[in-house]
Every structure is written in structure tokens, then in C-alpha cells.
Amino acid sequence: MIVATGATGNVGRSLVQALAATGEPVTATSRAISETDVPEGVRHLRADLADAESLRPLLDGADALFLQNGGPSAHSLSPQDILDVARTGGVRRVVLLSSQGVATRPQSASHGVLMRSIEDAVRQSGMDWTILRPGGFASNAYAWAESVRTARTVAAPFGDVGLPVIDPADIAGVAAAALREDGHAGQVYELTGPAPVTPRQQAEAIGDAIGEPVRFAEQTRDEARAQMLRFMPGPVVETTLSILGEPTAAERRVSPDVERVLGRAPRPFTDWARRNAAAFR
């Protein structure tokens with residue numbers, strides 16, 4: 001049995017669907033998961049990664065664990081406690097959703113330092129481990145959904161700076177392979193889309209997907225900062241703006257790892273936009 005944490009998130013939800021489609025026994029968990037969040041017949045239980053003991057009923061008898069990195073709550077996790085509970089329950093394989101920033105922003109508390117500590121705990125767990133380091137998610141474009149629905153407008157900074165954002169379904173595909181197949185132990189996979197895409201190009205792709213033009217309105221850095229501070233801590237905002245506005249060569253690089261694992265190229269942003277057009281109509 002495979003346990004998938006963060007099962008209501010962009011990656012976790014796709015992962016549970018992918019595993020269920022193969023007939024793989026899977027238990028999906030998040031803090032507020034319900035029957036409507038999972039495919040029919042999939043076992044689901046509520047648990048909180050910040051409370052390792054809440055995971056014990058799920059992990060008892062499990063073979064493999066997909067460990068979501070906690071996202072904005074990562075600072076509240078005790079990865080060692082989570083992994084101890086997993087090992088006690090019989091888990092032999094763990095796949096960690098980490099971040100590209102571990103390598104590209106190693107001194108950043110919001111990316112490198114915190115995620116590195118979680119990665120180190122996984123490496124030292126005594127289990128077979130695989131680490132996934134995705135770059136920016138295509139699904140971050142959901143932040144524009146309301147403005148596209150109401151004003152057919154995308155407002156963002158750095159309109160012509162491109163990054164190879166990745167479709168969360170491709171992250172899930174790599175995770176499913178690492179959870180189900182041999183040959184991935186000890187691997188660190190950097191996951192990106194097939195080509196850099198700018199915010200301006202993303203707006204155009206969303207417009208094509210919904211069949212109506214979407215205007216791009218470029219924000220200043222200060223305007224973007226003020227907007228982000230409404231829902232993100234200050235250090236995270238500054239790191240995010242640096243990545244979006246002054247990406248390193250490593251952050252612009254297209255990785256071959258999705259194709260190496262899945263045997264096909266990663267999906268472009270245009271594909272993600274078409275599949276999720278309903279959110280923007």
C-alpha cells in the first residue's frame with residue numbers, strides 16, 4: 001500500500017488519481033480530506049503532517065510513502081518524527097516532494113535551508129529514498145483565475161522573463177513511477193517543463209484555452225510585492241520575486257529528468273491551460 005500525503009494539493013491529487021488508475025492500493029491523506037477529494041474506492045483519512053502521531057494509523061502496514069514538503073507549513077514539520085513513524089509502520093520506500101531551490105537558492109531560508117533539512121532527514125532515514133525537486137508550478141497561474149474571469153486580465157511582474165514551469169501532473173507521474181518501480185532509489189530528480197514560458201505567454205495561452213483574449217498588465221516589483229505580502233511571509237516574497245525577476249541559469253535550465261523517467265517530454269503550459277480552462281471562464 002502507498003500512502004500519499006498532501007492528497008488535496010495540486011501534485012497529491014494528481015498522484016492519487018494516477019495510482020488509483022493503475023489499481024494500486026493507496027491511502028490519501030491531508031488535514032481536511034473528504035470523500036469528494038478522491039476517486040471512488042480510494043481510502044482516505046485525515047491527518048496533519050505537523051503531528052507525526054496522527055499519521056500512525058495510515059502508515060501501519062504501508063510499503064511506500066509520498067511525503068509532501070509541507071508547503072507554507074514546512075517550518076512546523078518534524079521530518080525525523082514522520083520518518084520514524086513511517087519506518088515503524090513498515091514503510092521501505094519514501095518519495096519526497098522537495099524544491100529546486102535547494103540547489104539554486106541554498107542560502108534562502110524559504111527555499112534552500114529548510115528544504116535541505118527535510119531532504120537530509122529523508123536521506124538518513126534508512127529507507128530507499130527518491131527526492132523530487134520541481135521548479136515553478138504551472139498551477140501557480142490559478143492566482144490569476146479571478147482577474148481572468150472578471151476582467152480578462154492577468155497582472156504580473158517581469159512579463160518577459162521565462163521559466164520552464166512544470167505541470168503538477170508530470171510531477172505526480174514521476175512520483176508514481178518512483179513509488180511503484182525499482183531503480184529510483186538514491187535519485188534526485190530536477191523537474192521542469194519543456195521550455196521557458198513568460199507570464200505574457202501564459203496569459204496568451206489562457207486566452208487561447210478559453211477562446212477569448214486575455215490582456216497582460218505588467219506590475220512593478222513593488223506592486224507585486226504588496227500583493228504577495230497579503231498571503232506570503234516577507235522572506236518568501238523576496239525569494240519569489242528574485243526567482244521570477246532574476247532567475248539563475250540553473251532556474252532557466254530545462255531538465256531531462258521528466259522524459260528520462262516517463263519516456264516522454266513534459267507537458268507544455270498550453271496543455272495545462274487547456275485542461276484547466278474551466279477555472280478561468
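In what follows, the structure referred to is the one given above.
All values derive from a computational prediction rather than experimental measurement. (Residues numbered from 1 in each chain as written. Predicted model: local features only at pLDDT ≥ 70, side-chain atom pairs only at ≥ 80, totals over all residues. Heavy atoms only, no water.)

Asks: Help me out: how do you make sense of the packing of aromatic side chains in this one?
Replies: Remark: the centre distance and the inter-plane angle together describe each pair of aromatic rings, the angle taken between the planes. Counted according to the given criterion, the structure contains 4 aromatic pairs. Arranged with centres 5.0 Å apart and planes meeting at 65°, the rings of Tyr142 and Trp272 form a pair that is edge-to-face. One end of the pair, Tyr142, is in the loop between strand 6 (128–134) and helix 6 (145–151); the other, Trp272, is in helix 13 (residues 269–275), and 130 residues separate them in sequence. Residue classification places Tyr142 among the partly exposed positions, given a relative accessible area of 31%. One aromatic cluster is present, formed by Tyr142, Phe269, Trp272 and Phe280 through successive ring pairs. (Phe/Tyr/Trp six-rings, centres within 6.5 Å; stacked < 30°, edge-to-face > 60°. Helix = DSSP H or I, 4+ residues; strand = E, 2+ residues; numbered from the N terminus. Buried < 20%, exposed > 50% of the residue type's maximum accessible area, 1.4 Å probe, protein only.)

Asks: Looking at this structure, I do not really get the sheet that holds strand 4 (residues 64–67). What am I missing?
Replies: Within a sheet, neighbouring strands are paired by backbone hydrogen bonds and run either parallel or antiparallel to one another. Reading across from one edge, 3-2-1-4-5-6-8 is the order of the 7 strands in this open sheet, with parallel pairing throughout. Edge positions in the open sheet fall to strand 3 (43–46) and strand 8 (187–191), since each of these has one partner strand only. Taking each pair of neighbouring strands and ignoring which way they run, the sheet shows an average axis angle of 15°. In this sheet, strand 2 (residues 26–30) lies alongside strand 1 (residues 2–4) in parallel orientation, the contact comprising 3 bridges. Bridge pairing in strand 2 places Ala4 opposite Ala28. (Pairing = 2+ DSSP bridges. Axes fitted to C-alpha atoms, helices over the stretch in contact; angles between N-to-C directions.)

Asks: Can you walk me through unusual backbone geometry in this structure?
Replies: Residues other than glycine predominantly adopt negative phi, and peptide bonds predominantly adopt the trans conformation. At Arg152, a residue that is not glycine, the phi angle is positive and equals roughly 50°. With respect to the secondary-structure elements, Arg152 resides in the loop between helix 6 and strand 7 (153–157). For Phe158, which is not a glycine, the phi torsion comes out positive at approximately 55°. With respect to the helices and strands, Phe158 occurs in the loop between strand 7 and helix 7 (168–180). Residue Phe158 is classed as buried on the basis of its relative accessible area, which comes to 16%.

Asks: How do you make sense of the nonpolar core when you look at a structure like this?
Replies: Buried together is how nonpolar side chains tend to be arranged in soluble globular proteins. Residues Leu15, Phe66, Leu132, Leu179 and Leu191 are the most contacted members of the largest nonpolar core, which totals 30 residues. Examining the composition of this core, we find that 8 residues originate from one element, helix 7, more than from any other. Setting aside residues up to four positions removed in sequence, Leu132 forms contacts with Val95, Leu96, Leu97, Ser98, Ser99, Ile171, Val174, Ala175, Tyr189 and Leu191. Within the second largest apolar cluster, 26 residues are counted, among which are Leu65, Ala121, Val122 and Trp129. (Core = buried A, V, L, I, M, F, W, Y, C linked by side-chain atoms within 4.5 Å. Contact = heavy atoms within 4.5 Å.)

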